[in-house]
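What follows is the residue order along each chain.
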Amino acid sequence: MNNEILKNIKTRRSIRKYKPRQITEDELRAVLEAGTYAPSGRGLQSPVLVVVQDEATMAQIVKMNAAVMGTDSNPYYGAPTVILVLAPTDRTTWLEDGSCALDTMMLAAHSIGLASCWIHREREMFETEEGKALMKKWGIPENYAGIGALALGYADCQLPQPPQRKEGRIIWA
Ligand SMILES: Cc1cc2nc3c(=O)[nH]c(=O)nc-3n(C[C@H](O)[C@H](O)[C@H](O)COP(=O)(O)O)c2cc1C
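### Some words on the site of the ligand
Every residue close to the ligand is listed here: R12, R13, S14, R16, Y77, C117, W118, I119, H120 and R121. One of the side-chain N or O atoms of R12 is found 3.0 Å from an oxygen atom in the ligand. At 3.1 Å from a nitrogen atom of the ligand is found a main-chain nitrogen or oxygen belonging to W118. Contact with the protein chains covers 61% of the free accessible surface of the ligand, which is 630 Å².

Listed below in structure tokens is the structure:
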């Protein structure tokens, strides 16, 4: 079987080198809208998507994520847009809901020619006082936790080939 959706799933790759040029608002809105259409437990649509594009906030989250990682490199690889995903931890499926939103946005991004990479450590970032202060500034309640983020932009490299899929991962019961 083959179709455009299956092809999109198979050709998406994590990109770690971005052009500095900002994506268009239409592109951004398309990716965000796709994220809001991701499935969520009991259909509660719990995750929130925080768009970071301004220089000061970008520098702040870069520093916060790098601090969790223990490096001084840019964990978002210089992508001009970062979408942070948080969800309320009192929902039993908060982590899965946020993960679905991230994956859906990655596939949507790829389908319109954008590059992306799922970035980790947002949970720890938003457990810090600095992270909590940012959440307050953005109007996000205290019961929300970070799940992950999407680095988003135009690739400044060739799309890598996917590694061979591991054998034995499909089990027919
Ligand atoms: C939960 C999760 C966390 C990830 N965290 C990072 C990360 O912090 N930094 C990074 O460069 N890639 C991260 N990735 C991307 C993976 O490294 C990538 O998906 C994997 O190497 C397979 O490559 P592909 O996405 O091109 O198929 C993460 C992916 C997932 C699903």
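There's more to say after this.
### A short note on a nonpolar patch on the surface
On the surface, a cluster of nonpolar side chains totalling about 470 Å² of accessible area is made up of M1, I5, L6 and I9. Mapped onto the secondary structure, M1 falls in the segment before α1 (4-11).

### With respect to the packing of aromatic side chains
Summed over the entire model, instances satisfying the criterion amount to 1 aromatic pair. Taking 6.0 Å as the distance between ring centres and 55° as the angle between the ring planes, the aromatic pair formed by F126 and W138 counts as tilted. Taken together, the residues F126 in the loop between α5 (122-125) and α6 (129-137) and W138 in the loop between α6 and β4 (144-153) connect sequence positions 12 residues apart. On the basis of relative accessibility, which here comes to 25%, the residue W138 falls in the partly exposed class. A cation sits over an aromatic face here: R21 above Y154, 4.2 Å from the ring centre.

### Remarks on the pattern of salt bridges
The full count for this structure, using the stated rule, is 2 salt bridges. Between D156 and K17 there is a salt bridge, with the nearest N and O atoms lying 3.5 Å from each other. Linking D156 in the segment after β4 with K17 in the loop between α1 and α2 (25-36), this pair joins segments that are 139 residues apart in sequence. Looking at D156, the relative accessible area reads 33%, which means it is partly exposed.

### Concerning the packing of helix α3 (residues 55-69) against α6
Packing of α3 against α6 brings their axes to within 11 Å, and their N-to-C directions diverge by 145°. Crossing of α3 over α6 shows left-handed handedness. Contact residues: Q60, I61 and M64 in α3; E130, G131 and L134 in α6. Per-class residue counts for the contact of α3 with α6 are 3 nonpolar, 2 polar and 1 charged.

### Quick look at the state of the cysteines
One pass over the structure, following the stated rule, counts 0 disulfides. The thiol sulfur of C100 is not disulfide-bonded, and the nearest other cysteine sulfur, from C117, lies at 18 Å.

### Re the nonpolar core
If you look at the biggest cluster of nonpolar residues, it comprises 24 residues, and the most contacted ones within it are I61, Y76, V82, L84 and L86. Counting only elements with at least two residues in this core, the list comes to β1 (48-52), α3, β2 (81-88), β3 (115-119), α6 and β4. With 4 residues, the top contributor of residues to this core is α3. Residues contacting V82, with those up to four places away along its chain left out, are V50, V51, V52, M58, I61, Y76, A149 and L150.

Thresholds applied
- Residues numbered from 1 in each chain as written.
- Predicted model: local features only at pLDDT ≥ 70, side-chain atom pairs only at ≥ 80, totals over all residues.
- Heavy atoms only, no water.
- Near = heavy atom within 4 Å.
- Polar contact = N/O pair within 3.5 Å; in protein donor to acceptor, adjacent residues only side chain to side chain.
- Areas by Shrake-Rupley, 256 points an atom, 1.4 Å probe, with all protein chains shown as cover.
- Patch = residues over 30% accessible without salt bridge, like charges linked within 9 Å, V, L, I, M, F, W, Y side chains within 5 Å.
- Salt bridge = Lys/Arg side-chain N within 4 Å of Asp/Glu carboxyl O.
- Helix = DSSP H or I, 4+ residues; strand = E, 2+ residues; numbered from the N terminus.
- Phe/Tyr/Trp six-rings, centres within 6.5 Å; stacked < 30°, edge-to-face > 60°.
- Buried < 20%, exposed > 50% of the residue type's maximum accessible area, 1.4 Å probe, protein only.
- Lys NZ or Arg CZ within 6 Å of the ring centre and 35° of its normal.
- Axes fitted to C-alpha atoms, helices over the stretch in contact; angles between N-to-C directions.
- Left-handed = near helix turned anticlockwise from the far one by under 90°.
- Contact = heavy atoms within 4.5 Å.
- Nonpolar A, V, L, I, M, F, W, Y, C, P; charged D, E, K, R; others polar.
- Disulfide = S-S within 2.5 Å.
- Core = buried A, V, L, I, M, F, W, Y, C linked by side-chain atoms within 4.5 Å.

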